[in-house]
Amino acid sequence: MDKVRSLCRSVEGFKSVVVIERPSNLGLSRSIIDGVSSILKKHDRVIVVEDDLLVSPFFLDYMNEALDIYAEDETVYSIHGYLFPIRIDLPETFFLKGADCWGWATWSRAWKHFQPDGTLLLDQLASLNLLSRLDFNGAFDYSGMLKQQIEGKVDSWAIRWQASVLLRQGLTLYPGRSLVRNFGFDDSGTHSGETGEFDVILSDTPVRVVRLPLSENPRALTAFENYYRSIKPTLLKRLRRRVRKALRRTAAPMSKNP
């Protein structure tokens, strides 16, 4: 916590920084849900960065520009800063249905649709034949993660946010080059372990944000699906296990490598 305070004091341009310390560990889901909800009761938008993320110098400009451009577009539910290490060129920015969780932003108008009841989400997605799309057309078992959340095996807010947005056919804006790097998989965290599957090189140039047609980019969707499918079966099992471990993290806000 002392490091956090020191960092906050060193950041130029901040009029004030409020550090909220909890008397006890709320767990991952409660920390994020309560934190985002509390901010959005006072402000119309929020940018969420956990403490195991390294962001590009261009991250905040991208986030704030996108939040401004799409502020009134009800179809757009969030802005995301991380991009998988996909080996094909993607557009400067693009939309995918659903939501994501590594360096993201949203508005109060969108967050009000967050559904905390995983069982309700699963039932509604099934009734609308959306479970396959949740799984990126069978490439990754996100529906299995939602079931594990329901069973109490993972403490995940993110899978419920993703399912909540997909259920409403909402869009998330992604950058064509990653502006976020997750260093929580270096085996320094409590549960995350060590893996390089998610490692990326941060973009060394700004990501230009312009208004796009409000529809999912089919080429980007195929790229995501192929990324998951390109992983060898044994590696895919490891990846799924590590994602589940990451979702099971129980650190309070501002703790080290949750």
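**Quick look at the overall build of the protein chain**
In terms of helices and strands, the protein chain carries ten helices and seven strands. Burial analysis of the protein chain (258 residues in total) assigns 50% to the buried set. Sequence separation of 24 or more characterises 81% of the internal contacts of the protein chain that already satisfy a separation of 6 or more. Accessible area for the protein chain stands at about 13,100 Å²; split by element, carbon and sulfur atoms hold 52% of it.

**Some thoughts on empty space enclosed by the protein**
Empty space among the atoms can be located by rolling a probe the size of a water molecule over them. Within the structure shown, the criterion is met by two cavities of 30 Å³ or more. The calculated volume of the second largest cavity comes to roughly 60 Å³. What lines the second largest cavity is Phe84, Lys97, Ala99, Asp100, Phe136, Tyr142, Gln162, Tyr174, Phe224 and Tyr228. Here the lining of the second largest cavity is composed, by residue class, of seven nonpolar, one polar and two charged.

**Remarks on the pattern of salt bridges**
Within this structure, the stated rule accounts for eight salt bridges. For Asp68, the salt bridge identified is with Arg45, shortest N-O distance 2.6 Å. Taken together, the residues Asp68 in helix α3 (residues 59–69) and Arg45 in strand β1 (residues 45–48) connect sequence positions 23 residues apart. For Arg45, a relative accessible area of 23% corresponds to the partly exposed category. Among the salt bridges present, the one from Arg211 reaches Asp73, with a minimum N-O distance of 2.7 Å. Of this pair, Arg211 sits in the loop between β7 (180–182) and α9 (218–229) while Asp73 sits in the loop between α3 and β3 (76–80), placing them 138 residues apart in sequence.

**A closer look at the confidence of the model for the protein chain**
In this model, the protein chain carries an average pLDDT of 85, and 79% of its residues clear a pLDDT of 70 or more. Contacts from residues 1–11, a stretch scored under 50 in pLDDT, to residues over four places away or in other chains number six contacts. Note that residues 186–194 has pLDDT below 50 and, in this model, 21 contacts with residues that lie over four places away or in other chains.

**Some thoughts on the sheet that holds strand β5 (residues 104–107)**
Strands sit in the order β1-β5-β3-β6-β4 across an open sheet of five strands; the sheet is mixed. Edge strands, defined here as strands with exactly one partner in the open sheet, are β1 and β4 (93–97). Geometrically, the sheet is characterised by an average inter-axis angle of 25° between neighbouring strands, direction not taken into account. Examined bridge by bridge, β1 and β5 share four bridges and lie antiparallel to one another. The residue of β5 that forms the bridge with Ile47 is Ala105. Relative to the sheet, helix α8 (residues 158–167) contacts β3, β4, β5 and β6 (171–175), its axis offset from that of β3 by approximately 140°. Sheet strands in contact with α9 are β4 and β6, and its direction is about 70° off that of β4.

**Some thoughts on the nonpolar core**
Membership of the largest hydrophobic core comes to 70 residues, with the highest contact counts inside it found for Ile79, Trp157, Trp161 and Phe224. Residue contributions to this core peak at seven residues, all from α8. When near neighbours in sequence (up to four residues on either side) are disregarded, Trp157 contacts Leu28, Ser29, Ile32, Ile33, Glu50, Cys101, Trp104 and Phe114.

**Quick notes on unusual backbone geometry**
Excluding glycine, residues mostly have negative phi values, and the peptide bonds linking residues are mostly trans. We note that Asn137 has phi near 55°; this positive angle belongs to a residue other than glycine. Turning to its location among the elements, Asn137 is positioned in the loop between α6 (131–134) and α7 (142–150). By relative accessible area, Asn137 is classed as partly exposed at 35%.

**Here's the deal with the layout of surface pockets**
For the second largest pocket, the calculated volume is near 330 Å³. With five residues, the top contributor of residues to the lining of the second largest pocket is α9.

The rules behind each value
- Residues numbered from 1 in each chain as written.
- Predicted model: local features only at pLDDT ≥ 70, side-chain atom pairs only at ≥ 80, totals over all residues.
- Heavy atoms only, no water.
- Helix = DSSP H or I, 4+ residues; strand = E, 2+ residues; numbered from the N terminus.
- Buried < 20%, exposed > 50% of the residue type's maximum accessible area, 1.4 Å probe, protein only.
- Contact = heavy atoms within 4.5 Å.
- Areas by Shrake-Rupley, 256 points an atom, 1.4 Å probe, with all protein chains shown as cover.
- 1 Å grid on protein atoms, 1.4 Å probe; cavity = no way out; pocket = protein on both sides within 12 Å on 5 of 7 lines; lining within 4 Å.
- Points joined across faces, edges and corners; volume = space filled by probe spheres on them.
- Nonpolar A, V, L, I, M, F, W, Y, C, P; charged D, E, K, R; others polar.
- Salt bridge = Lys/Arg side-chain N within 4 Å of Asp/Glu carboxyl O.
- pLDDT = per-residue confidence, 0-100.
- Pairing = 2+ DSSP bridges.
- Axes fitted to C-alpha atoms, helices over the stretch in contact; angles between N-to-C directions.
- Core = buried A, V, L, I, M, F, W, Y, C linked by side-chain atoms within 4.5 Å.

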